[in-house]
Structure formats: structure tokens, C-alpha cells
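Summary of structural features
Given next are the chains, with one letter for each unit.
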Amino acid sequence: MDGTGNGSAAPITLDGVGKRYPDGTVAVEALSLDIPAGELVVLIGPSGCGKSTVLRMINRLIEPTNGRILLDGEDVTGVPAVELRRRIGYVIQHTGLFPHQTIQANVATVPRLLGWPRTRVRDRVDELLDLVGLEPGRFAKRYPHELSGGQQQRVGVARALAADPVVLLMDEPFSAVDPIVRVRLQDEFRKLQATVRKTIVLVTHDLDEAVRLGDRIAVLSEGGHLQQYCPPADLLGSPANDFVREFVGADRGIKRLTVTPIPLEALRPAAEVVGADGGAADGGVLDGGPSVPASGTMRDALAALLEGGRGWVAVKDVSGKPLGVLTATEIAMAASTSD
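Now for a quick tour of the structure.

Digging into the overall build of the chain
A count of helical and extended segments in the chain gives 16 helices and 13 strands. Projecting the C-alpha coordinates of the chain onto the three principal axes gives extents of approximately 70 × 50 × 35 Å. Looking at the chain as a whole, 47% of its 339 residues are labelled buried. Within the chain, contacts between residues at least 6 apart in sequence are counted, and of these 67% link residues at least 24 apart. Accessible surface for the chain amounts to roughly 15,400 Å². Of this, 51% is attributable to carbon and sulfur atoms. Seen as two clouds, the 36 positive and the 42 negative side-chain charges of the chain have centres 6 Å apart.

Brief notes about helix α1 (residues 51-58)
Residues spaced three or four apart along an α-helix face the same direction, because each turn holds 3.6 residues. Within α1, 6 of the 8 residues are buried, leaving the element largely enclosed by the surrounding structure. Every buried residue of α1 is accounted for by Lys51, Thr53, Val54, Leu55, Met57 and Ile58.

Notes on the environment of Val181
Along the chain, the position of Val181 falls in helix α8 (residues 179-196). Looking at Val181, the relative accessible area reads 16%, which means it is buried. Along the backbone, Val181 and Leu14 are 167 residues apart, and their C-alpha atoms lie at a distance of 33 Å.

Observations concerning the sheet that holds strand β6 (residues 88-91)
One open sheet accounts for 6 strands, arranged β6-β7-β8-β3-β9-β10; its pairing is mixed. Each end of this open sheet is capped by a strand with a single partner; those strands are β6 and β10 (225-230). Within the sheet, the average angular offset between the axes of one strand and its neighbour, ignoring direction, is 15 degrees. Here strand β3 (residues 40-44) runs beside strand β9 (residues 216-221); their pairing, made up of 4 bridges, is parallel. Looking across to β9, one finds that Leu43 is bridged to Ala218. Here helix α7 (residues 149-161) sits on the sheet in contact with β6 and β7 (167-171), set at roughly 165 degrees to β6.

Observations regarding the pattern of salt bridges
Evaluated as defined, the whole model comprises 12 salt bridges. Between Asp164 and Lys198 there is a salt bridge; the shortest N-O distance is 2.5 Å. Here Asp164, found in the loop between α7 and β7, pairs with Lys198, found in the loop between α8 and β8 (199-203); they are 34 residues apart in sequence, far enough to count as distant. The burial state of Asp164 is the same as that of Lys198; both residues are buried. In this structure, a network of salt bridges that share partners links the residues Asp187, Arg190 and Arg212.

Here's the deal with the packing of aromatic side chains
By the definition in use, this model includes 1 aromatic pair. Note that Arg120 overlies the ring of Trp116, its terminal NZ or CZ placed 3.8 Å from the centroid. One cation-aromatic arrangement involves Arg159 over Phe98; the distance from NZ or CZ to the ring centre is 5.2 Å.

A look at the packing of helix α15 (residues 298-308) against helix α16 (residues 328-335)
Closest axis-to-axis distance for the α15/α16 pair is 10 Å, and the angle between their directions is 140 degrees. By the angle class used here, α15 and α16 are oblique. When the axes of α15 and α16 are compared, the crossing they make is left-handed. Contacts from Met298, Ala301, Leu302 and Leu305 of α15 reach α16 at Ala328, Glu330, Ile331 and Ala334. When its residues are assigned to classes, the contact of α15 with α16 shows 7 nonpolar, no polar and 1 charged.

Observations concerning the packing of α7 against α8
One way to put it is that α7 packs onto α8 with a least axis distance of 10 Å and a crossing angle of 25 degrees. When the interaxial angle is binned, α7 and α8 end up roughly parallel. Like other packed secondary-structure pairs, α7 and α8 cross with a definite hand, here right-handed. The residues of α8 that touch α7, namely those facing Gly150, Gln153, Arg154, Val157 and Leu161, are Val181, Leu185, Glu188, Phe189 and Leu192. In terms of residue class, the contact of α7 with α8 is made up of 6 nonpolar, 2 polar and 2 charged.

Remarks on α7
For α7, built from 13 residues, the straight-helix expectation of 18 Å at 1.5 Å per residue is met to within 8% by its first-to-last C-alpha distance of 19 Å. With 10 of its 13 residues buried, α7 lies for the most part within the structure. Those residues of α7 not exposed but buried are Gly150, Gln153, Arg154, Val155, Gly156, Val157, Ala158, Arg159, Ala160 and Leu161. Buried residues in α7 make contact with β6, α3 (103-107), α4 (109-113), α5 (118-131), β7 and α8.

Reading the values: rules and limits
Residues numbered from 1 in each chain as written. Predicted model: local features only at pLDDT ≥ 70, side-chain atom pairs only at ≥ 80, totals over all residues. Heavy atoms only, no water. Helix = DSSP H or I, 4+ residues; strand = E, 2+ residues; numbered from the N terminus. Buried < 20%, exposed > 50% of the residue type's maximum accessible area, 1.4 Å probe, protein only. Contact = heavy atoms within 4.5 Å. Areas by Shrake-Rupley, 256 points an atom, 1.4 Å probe, with all protein chains shown as cover. Lys, Arg positive; Asp, Glu negative; His and termini not counted. Charge placed at Lys NZ, Arg CZ, Asp CG, Glu CD. Pairing = 2+ DSSP bridges. Axes fitted to C-alpha atoms, helices over the stretch in contact; angles between N-to-C directions. Salt bridge = Lys/Arg side-chain N within 4 Å of Asp/Glu carboxyl O. Phe/Tyr/Trp six-rings, centres within 6.5 Å; stacked < 30°, edge-to-face > 60°. Lys NZ or Arg CZ within 6 Å of the ring centre and 35° of its normal. Parallel < 35°, antiparallel > 145°, perpendicular 65-115°, else oblique. Left-handed = near helix turned anticlockwise from the far one by under 90°. Nonpolar A, V, L, I, M, F, W, Y, C, P; charged D, E, K, R; others polar. Expected span 1.5 Å × (residues − 1).

This is the structure in C-alpha cells:
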């Protein structure tokens, strides 16, 4: 990707970071967190837990009252705030697009401020609109009000990536669109992150979104206290305490299936299962029954199992060849959680 020249992701370290207001209100007491370069970390927790405050302290929209924030080892408090924000992309809930500027001008905002040559800015805008699935020839000259909510959100992401920032901060970026569009945007963003591999800190109140997008999830309680910080499957499978257990909910086993890949080593031979329900254990029977690709998740397998009504689901490789079957027993074991 064209950009500022570095284009790499950078780790973030929060070292005892806190925010106390003059009236004595403690938004965040003392949060310590290591965010690896190139990972997407989700901050989640109940309302008032300080997650958006943490996000805004990273780019100093809110100045911390204690602790340190290191970006690639450098204390951000020693960097002029305006310069810092040009190195950090920021995406908010309602996009924050300038309504009287074209999409092209919106995306070009930071590169223009950085003094990029006009041709470089134009090429970068076209590249990013393509990257987020908006054809430049159709969308560059339009205005925000001429786009759907989902399209505006994509422009917001493109604008945040315009100067190839080392960090991307996202504050409930998809919550303003309807549920169907939200899931589609989440899927598209997950594919985008696989391409750009930025260090991303995302705030959400939606656990399903956190599980779908996060490499790691940080669960915060009131005052910004860290209750658990781990990959989604670990969070859902082994909540650290009663607070986390209650927060993730009783259906966490089903959510866990969403982030559990199909374990090929656990597949059973078709002859063991398919023949037992009265059919011949051959490819013909499997081809006529419910199936999922080997690249899918155990949530996909559960959905196919329930819809198929056979008591088993075939797992197939990219060529459509059956690799074996899963039964309700294997799926239930994958969903099991420890209390």
C-alpha cells in the first residue's frame, strides 16, 4: 500500500493509564495493557466502564491524568497532539464525514494536510475506495448524503487509512447501521484487516461483534478495571471470574462455536455414522446430506446439523470431497465451557 513510507503496524502499551476529572469522577483508574503490533484488540464492558475514554486517551483527545501510553516504544505525551493524530486513524460511530465535501475530498483530508503532491493524493484516494469496495469512478465525486449508511461507514474507514497510519482506533464503528448491514460490514472489515494488518483498538458494546472481529478481547468493569484479556475462544470457554461469566452470558458456548475452527482430527469416518441411520456409508449419501466446508467454523457445522435433521454433518475439502463427519456429540464438546 502507498502511504507515508512506513506503513507498518506498531505495538501499543498502556502503563497504569488513568483519567480522573476535577469533580473527583474516576473514568479509568489505572489500566495496563499490551496491544501487539498488527492485532485487533476489542475493548468491551458495560456502559460507564471507561472503554471510549481509553480509546481517546491513546490519541490524546482526552489527556490522561496518570500513567504512560507508548506507541512503538515512544511516550505519546512527548509528541505534539496534532502530529500524533496524523499518525493514528480514527473511525467513529457516525463517520464524521464533512457533509459539504465530496467523498474524494473527505478521504484526502489527512494526506492534503501532510502536503502530499496532488497526483499522489488522487492515486491514494482511488486505491482506498477500491480497497473498501467503492468504485472510484462511481463514488469519488458524490457527497455523503448520496450514500447509504453502510457506504458512509466504508468511507470513514478509507479516510482513517488514508495516510497509512500505524494505529487505527475505532469507536463503535458499525453500531449506527442496521443489523444485516452491520454483519456484512464486519465481514468486509475482517477481510480488509487481513490485507492491511494494522494495530487496531476497537470499542464496542456488542459481544458478538467482539468475538467476530477481535484477535483479543479486553473486558473492562467500572473505573476501567481489566477483568480479563485473552483471545475470544478463551474468554468464552474459561471466564476469569463471576463478573466476566455474567457479562458474556449463559449462551457463551454457542458464541464460542463462532470462533472455533472445524477440528479435522475429530472427524469420524462416514461408515461409523451414516451407515448407522440406515443409509449406505458412501459418498452419495454424504453428498445428499448436510455439509460444511473444512474452512468453516463449528457454528457453521451446528447450523447445518440443525437444518439437515440427519444427526450428522459432512465436512468437505475445497474440491467437494468428503473428509469425514461431525455429530452432535463433537459439536457439543466444542461448545462446552468451564466455570
